[in-house]
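The residues making up each chain are set out below.
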2 protein chains.
Amino acid sequence: MGDNSLPTFFHVQQAANLLNGVVYPTPVLGSSYLDEQCGGCVFAKCENLQRTGAFKFRGAYYAVSRKEAVTPFKAVVTLSSGNHAQGIALASRLLGYPAYIVMPDPVNPFKRAKVEEFGVNVRIVRTRAEGEELAQELVHAHQGVFIHPFNDCDVIAGQGTAILEFLQEVPQLDVVLAPLGGGGLLSGACLAAHGLNPLIRVYGCEPARALDALLSLREGRILMPHTVDTMAEGLRTSLGNLTLSILQDHLQDVFVVEEEEIIPAMKMAFEQMKMVIEPSSAVALAPILRGEPALCGKRVGVVLSGGNISMSDVCSMMGGM
Amino acid sequence: MGDNSLPTFFHVQQAANLLNGVVYPTPVLGSSYLDEQCGGCVFAKCENLQRTGAFKFRGAYYAVSRKEAVTPFKAVVTLSSGNHAQGIALASRLLGYPAYIVMPDPVNPFKRAKVEEFGVNVRIVRTRAEGEELAQELVHAHQGVFIHPFNDCDVIAGQGTAILEFLQEVPQLDVVLAPLGGGGLLSGACLAAHGLNPLIRVYGCEPARALDALLSLREGRILMPHTVDTMAEGLRTSLGNLTLSILQDHLQDVFVVEEEEIIPAMKMAFEQMKMVIEPSSAVALAPILRGEPALCGKRVGVVLSGGNISMSDVCSMMGGM
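Trainee: Run through the packing of helix H3 (residues 56-70) of chain A against helix H7 (residues 153-169) of chain A, naming residues and quoting values.
Mentor: Residues and elements named next belong to chain A. In contact at an axis separation of 7 Å, H3 and H7 are set at 135 degrees when each is read in the N-to-C sense. By the criterion of interaxial angle, the relationship of H3 to H7 is oblique. Between H3 and H7 lies a crossing whose hand is right-handed. Every residue of H7 that contacts H3 at Lys-56, Arg-58, Gly-59, Tyr-62, Ala-63, Arg-66 and Lys-67 is listed here: Asp-154, Val-155, Ala-157, Gly-158, Gln-159, Thr-161, Ala-162 and Glu-165. Taken together, the residues that form the contact of H3 with H7 break down as 5 nonpolar, 4 polar and 6 charged.

Here it is, written out as structure tokens:
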């Protein structure tokens, strides 16, 4: 961080140039089932099919590449128990750096195993505060660069390329929906969408059980969530100063999603769309499935942000239905 | 049937022209995981993302359209408990005909519900013989046309369009793999692949527990399977005279897949590819996952043929692992 200038549409375009040929141009699917549910026309950008199973690879790869061009380093360090960790692990391997991944508990064993497949160094810590300290130590010890999961101009620009691609394929979208955790994807979505068409309405989708972004946007300062006991583990984080600023300028509104809506949305994605998505992604489908009035009659683009979930976790979640 | 002339590559091209704009041009995905497993380069054609969740819609729509051009009829009749039934149901609705679907037991409740969503007439019968009789009655009673699930030139030509699209997107495939039940998809695959490049090797993938096609091809006559207790319910049927002839001319070989290979292949598709596939589709992934020597070093195209399975069925299957 330390840099208060915000990324722009131009940065997203630069990121798209660099990522061309590195990221998969993920498919966009229609769904007559979703169309009927919201009375609009829905398109889904399948970032669950991105390399590492989530959009996070975009920002991770772009950030490592960009920082390399600014200051030399010998390793990449991050603090993430989620999909950003996998993104950094693959990006570092492709770019030839060792990676040190600090994971604060609770760690999802499936995601941890996926990270370890890349042969990186994983360190588990009990708290985020402990993790921040360890990450700084690793940066100093290994001449590393720290890549924040979302509050980083390059990461945000990288994530925005998903929406740039989406709008290149479906230029006439009226609305873009994405899950809202730290706000990296959604900030990138805002820059990309409004760079192409300022009339597109960009909405965040936030779990009621990790409700901090909506409140932070209302108050104009970063608030911590009161609870983080949502199954949408990727959305438990609060905003950063960069994502708060961008979202304040661009975001239309936040749809709050109840916990009970998440599993039915996952099930719908499985059975109707044949797509494996994780709970955080299902949060962005929930407003469509409940027929949110703002979506009625609109051309709605939704980002299926990730699909990193084990079958055994899926089945134990479904068992609770 | 009644027509002993076989379909050709030209018929597949005609079908592709008619189906253009009607079928989804389904995405082709790579998978570094599959590449590693077979030591080749694997591409998956995602027909589980086709309308109705399976390639069957292609042949169904093309057959109804073609027969309409030959002899007038007032209804469409078929005999199928599986994905062909859904294909006929949607095709009939789109083309403005009532449809009568005869389903021999055992009927998968998920597939039945999907068929009934299209508002067609479903009749359940105890045996296939009883179903054939009822289907003929319905044809006479409603001035209907009967569309066979696979032993029909138009159906075969329609299914072939999936492989035509596949090879237009990835022209350099060495090998094409598809599941082998009645042989409609595989016959279409042979015509399409060898029409474009006679050197492509086309393989069928057949469950050991419904092993009739391999034996029929060896003997040169249609044999019934000794057992049909495979979970790959779409592959329990035997060949027809048209599919037998085409496969005898074109098929490289048949990979026999053991029952124990099916669930791990489904799990792999879910966890690595984020794709929901049904057991019949998983049969075509199994030879890749076991590192079948004929695939080593090759550019392998595999058809993910369908994804019509409920989450509860998936989870009860996974529970048995």
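Let us keep going from here.
Trainee: Give me the lowdown on the interface of chain B and chain A, citing residues and values where you can.
Mentor: Contact residues are listed per partner, giving 26 residues for chain B and 26 residues for chain A. Buried area between chain B and chain A, both sides added, is near 1900 Å², and the carbon and sulfur share of it is 64%. Among the residues chain B hides against chain A, the three largest losses belong to Glu271(B), Lys274(B) and Met311(B). Together they make up 36% of the total. Seen at the junction of chain B and chain A, the total is 0 salt bridges.

Trainee: Report on the domain arrangement of chain A, specifying residues and quantitative values.
Mentor: Interface size is commonly expressed as the accessible area that is lost once the parts come together. Residues and elements named next belong to chain A. As far as domains go, chain A holds domain 1 (9-54 + 152-318) and domain 2 (56-146). Facing 32 residues of domain 1, the contacting portion of domain 2 comprises 22 residues. Summed over both sides, the interface between domain 1 and domain 2 buries roughly 2200 Å², with carbon and sulfur atoms accounting for 57% of that surface. On the domain 1 side of the interface with domain 2, the three residues burying the most area are Thr-52, Asp-154 and Asn-308, jointly 26% of the side's total. For the pair domain 1 and domain 2, the number of links is 7 salt bridges. Residues Lys-67 and Asp-152 are paired through a salt bridge, measuring 3.0 Å at the closest nitrogen-oxygen approach. For the side of domain 1 that touches domain 2, the secondary-structure elements that each account for two or more residues are helix H1 (9-19) and H7. The class makeup of the residues in the side of domain 1 that touches domain 2 is 11 nonpolar, 11 polar and 10 charged.

Trainee: Can you lay out the packing of aromatic side chains for me, pointing to particular residues and giving the numbers?
Mentor: Residues and elements named next belong to chain A. As enumerated under the stated definition, the model contains 6 aromatic pairs over all chains in all. With centroids separated by 4.5 Å and ring planes inclined at 15 degrees, the aromatic side chains of Tyr-203 and Phe-255 adopt a geometry described as stacked. Of this pair, Tyr-203 sits in strand E8 (residues 201-207) while Phe-255 sits in strand E9 (residues 253-257); the two residues are 52 residues apart in sequence, bridging distant segments of the chain. Exposure class is identical for Tyr-203 and Phe-255. Each is buried.

Trainee: Account for H7(A), with residues named and values stated.
Mentor: Relative to the 24 Å expected for 17 residues at 1.5 Å per residue, H7(A) spans 25 Å between its end C-alpha atoms, a close match to the ideal helical length. Between the side-chain oxygen of the N-cap and the backbone nitrogen of Asp154(A) there are 2.8 Å, and the N-cap of H7(A) in question is Asp152(A).

Trainee: Kindly report on the state of the cysteines, identifying the contributing residues and their values.
Mentor: Applying the stated rule across the entire model yields 1 disulfide over all chains. The disulfide partner of Cys315(A) is Cys315(B), and the S-S distance across this bridge is 2.4 Å. In this structure the cystine formed by Cys315(A) and Cys315(B) twists about its S-S bond by roughly -85 degrees; its chirality is therefore left-handed. Remark: Cys315(B) occurs in helix H13 (residues 311-319) and Cys315(A) occurs in helix H13 (residues 311-319); the pair is interchain, linking two chains.

Trainee: Describe the sheet that holds strand E5 (residues 121-125) of chain A, with residues and values.
Mentor: Each strand in a sheet pairs with another by means of backbone hydrogen bonds, the pair being arranged parallel or else antiparallel. Residue and element names in this part refer to chain A. What the 4 strands build is an open sheet, ordered E5-E4-E3-E6; its pairing is parallel. Among the strands making up the open sheet, the edge pair consists of E5 and strand E6 (144-146). Direction aside, neighbouring strands of the sheet carry axes that sit 20 degrees apart on average. One ladder, built from 5 bridges, connects strand E4 (residues 99-104) with E5; its direction is parallel.

Trainee: For the sheet that holds strand E5 (residues 121-125) of chain B, give the residues involved together with the corresponding values.
Mentor: Residues and elements named next belong to chain B. If you trace the 4 strands from one edge of the open sheet to the other, you get E5-E4-E3-E6, paired in parallel fashion. Of all the strands in the sheet, just E5 and strand E6 (144-146) have a single pairing partner and so form its edges. When strand polarity is set aside, the average angle formed by the axes of neighbouring strands in this sheet is 20 degrees. Two strands pair when backbone bridges link them, and strand E3 (residues 75-79) and strand E4 (residues 99-104) are joined in this way by 4 bridges, in the parallel orientation. Bridge pairing links Leu-79 to Val-102 in E4.

Trainee: Got a sec to walk through the packing of helix H4 (residues 83-95) of chain B against helix H5 (residues 109-116) of chain B? Specific residues and values, please.
Mentor: All names here are of chain B. Interhelical geometry of H4 versus H5 gives an angle of 5 degrees and a closest axis separation of 9 Å. Considering their axes alone, H4 and H5 lie roughly parallel with respect to each other. Together, Asn-83, Ala-85, Gln-86 and Ala-89 of H4 and Lys-111, Lys-114 and Val-115 of H5 make up the contact between the two elements.

Trainee: So, the environment of Leu19(A): which residues are in play, and what are the values?
Mentor: All names here are of chain A. Relative to the elements of secondary structure, Leu-19 occurs in helix H1. The class of Leu-19 is buried, set by a relative accessible area of 1%. It is 21 Å that separates the C-alpha atoms of Leu-19 and Gly-307, two residues lying 288 residues apart in sequence. When neighbours within four sequence positions are excluded, Leu-19 is seen to be in contact with Arg-58, Tyr-61, Tyr-62, Gly-158 and Thr-161.

Trainee: Any details on the side chain of Thr26(A)? Residues and values, ideally.
Mentor: Here Thr26(A) is to be found in the loop between H1 and strand E1 (28-30). Leaving out residues up to four positions away in the same chain, Thr26(A) has contacts with Lys45(A), Cys46(A), Glu47(A), Leu49(A), Gln50(A), Arg58(A), Glu165(A) and Glu169(A).

Trainee: Quick one: what's the story with H5(B), residue by residue and with numbers?
Mentor: Within the span of H5(B), buried status applies to Phe110(B), Lys111(B), Lys114(B) and Val115(B). Taken end-on, H5(B) shows its buried residues confined to a sector of 135 degrees, consistent with a single buried face. Packed against the buried residues of H5(B) are helix H11 (262-273) of chain A together with H4, E4 and E5 of chain B. The N-terminus of H5(B) is capped by Asn108(B), whose side-chain oxygen sits 2.8 Å from the backbone nitrogen of Phe110(B).

Trainee: How would you explain the pairing of strand E3 (residues 75-79) of chain A if you had to name every residue and give the values?
Mentor: Residue and element names in this part refer to chain A. Summarising burial for E3: 5 of the 5 residues are buried, a large majority. Neither face of E3 is left uncovered, since the one carrying Ala-75, Val-77 and Leu-79 and the one carrying Val-76 and Thr-78 both have all their residues buried. Bridging between E3 and E6 involves 3 bridges; their strand directions are parallel. Bridged to Ala-75 within E6 is Gly-144.

Cut-offs applied
Within any chain, residue numbers begin from 1 and follow the written order of that chain's sequence. Chain letters start at A and ligand numbers start at 1, both assigned in the order the entries are written. In view of the model being predicted, local features appear only for residues whose pLDDT reaches at least 70, and side-chain atom pairs are presented and counted only at 80 or more, with totals across whole chains, interfaces and linings using the full set of residues. Water and hydrogen atoms were dropped before computing side-chain values, which therefore reflect all heavy atoms in the structure. Only C-alpha atoms enter the line fits that serve as axes; for helices the fit covers just the stretch in contact. Angles between N-to-C directions range over 0 to 180 degrees. In this description a helix means any DSSP run of H or I spanning at least four residues, a strand means any run of E spanning at least two, and both kinds are numbered starting from the N terminus. Any angle that falls under 35 degrees is termed roughly parallel, while one over 145 is termed roughly antiparallel, one within 65 to 115 roughly perpendicular, and all others oblique. Each crossing is labelled by how the near helix is turned from the far one, with a counterclockwise turn of less than a right angle marking it left-handed and a clockwise turn marking it right-handed. Contacts: residue pairs with any heavy atoms within 4.5 Å of one another. Gly is put with the polar residues, along with every residue not named as nonpolar or charged; the nonpolar set is Ala, Val, Leu, Ile, Met, Phe, Trp, Tyr, Cys and Pro, and the charged set is Asp, Glu, Lys and Arg. Once two parts are brought into contact, the accessible area they lose, counted with a 1.4 Å probe and summed over both, makes up the buried area. For this document, the term salt bridge refers to a Lys or Arg side-chain nitrogen within 4 Å of an Asp or Glu carboxyl oxygen. Bear in mind that the domain bounds are from an automatic or database domain assignment. Two rings from Phe, Tyr or Trp (for Trp, the six-membered ring) form a pair when their centres are within 6.5 Å of each other. A pair whose planes differ by under 30 degrees is stacked, one over 60 is edge-to-face, and the rest are tilted. Each residue's exposure class comes from its accessible area (1.4 Å probe, protein chains only) as a fraction of the maximum for that residue type: buried when under 20%, exposed when over 50%, partly exposed otherwise. The length a helix should cover is 1.5 Å for every residue beyond the first. Throughout this description, a polar contact denotes any pair of N or O atoms lying within 3.5 Å of each other; where both atoms belong to protein, one of them has to be capable of donating a hydrogen while the other can accept it, and for residues adjacent in sequence the pair is counted only when both atoms sit in side chains. Any two cysteine sulfur atoms within 2.5 Å of one another count as a disulfide. At least two bridges found by DSSP between two strands is the condition for calling them paired. When we speak of the arc, we mean the arc of directions from the helix axis to the C-beta atoms.

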